[in-house]
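# Residue-level structural notes
The lines below spell out each chain.
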Amino acid sequence: MTAYFGKNVIGANLSDLDNDGDLDLMTTQPILLHLNNGEGIFVDRTTQLGVDEDVGGGLVLGDHDADGFLDVIFLADSTFYKSPSLGHLYRNNRNDNHYLRVETS
């Protein structure tokens, strides 16, 4: 992946983020979203992601609200978070792959 992006990449995950049947790529360091166009070519869609902060060192994908779209938890890394935290939950806003931060208490 370093050769592909030209930089070190941390927190990579391959999942079907846009529900089209092929694997897409999301990373945390740097924060990237690359959607597979169905022909094995990954298209940069980072700007539509909606995440504009340092997100930590890892990520977990799952459908926390049972709407059929993968949501993401960016795992905390003490380098980025000053207070104790598990990280931040972002809800996938349907198939536009724009993620909205969910405040948890």
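Residues numbered from 1 in each chain as written. Predicted model: local features only at pLDDT ≥ 70, side-chain atom pairs only at ≥ 80, totals over all residues. Heavy atoms only, no water.

## Side note on the overall build of the chain
Regarding its fold elements, the chain presents 1 helix and 8 strands. Going from N to C terminus, the chain has its helices and strands arranged as α-β-β-β-β-β-β-β-β. Burial status across the chain gives 39% buried among its 105 residues. A separation of at least 24 residues holds for 34% of the contacts in the chain among residues at least 6 apart in sequence. Summing over all exposed atoms, the chain offers an accessible surface of approximately 6000 Å²; the carbon and sulfur share of this is 52%. (Helix = DSSP H or I, 4+ residues; strand = E, 2+ residues; numbered from the N terminus. Buried < 20%, exposed > 50% of the residue type's maximum accessible area, 1.4 Å probe, protein only. Contact = heavy atoms within 4.5 Å. Areas by Shrake-Rupley, 256 points an atom, 1.4 Å probe, with all protein chains shown as cover.)

## Quick word on the nonpolar core
Core analysis: the biggest nonpolar cluster contains 14 residues, and L17, M26, L49, V51, V72, F74 and Y99 have the highest contact counts within it. Counting residues per element, the ones that place at least two in this core are β3 (31-36), β5 (58-62) and β6 (71-75). Tallying contributions element by element places β3 first for this core, with 3 residues. (Core = buried A, V, L, I, M, F, W, Y, C linked by side-chain atoms within 4.5 Å.)

## Quick notes on the sheet that holds β6
In spatial order, the strands read β5-β6-β7-β8; together these 4 strands make up an open sheet with antiparallel pairing. Among the strands making up the open sheet, the edge pair consists of β5 and β8 (99-102). Each neighbouring strand pair of the sheet contributes to a mean axis angle of 30 degrees, computed without reference to strand direction. (Pairing = 2+ DSSP bridges. Axes fitted to C-alpha atoms, helices over the stretch in contact; angles between N-to-C directions.)

## Observations regarding the environment of V102
Mapped onto the secondary structure, V102 falls in strand β8. Judged by relative accessible area, V102 falls into the partly exposed class, the value being 25%. C-alpha of V102 to C-alpha of I73: the two residues are 29 residues apart in sequence and 9.8 Å apart in space. Not counting the four nearest positions on each side in its chain, V102 is found in contact with H64, L89, Y90 and R91.

## Regarding the pairing of β3
Extensive coverage of β3 is indicated by the burial of 6 of its 6 residues. Summarising the sheet, strand β2 (residues 24-28) and β3 pair through 4 bridges and their orientation is antiparallel. Note that in β3 the partner of L25 across the bridge is H34. Pairing of β3 with strand β4 (residues 42-44), which is carried by 3 bridges, proceeds in the antiparallel orientation.

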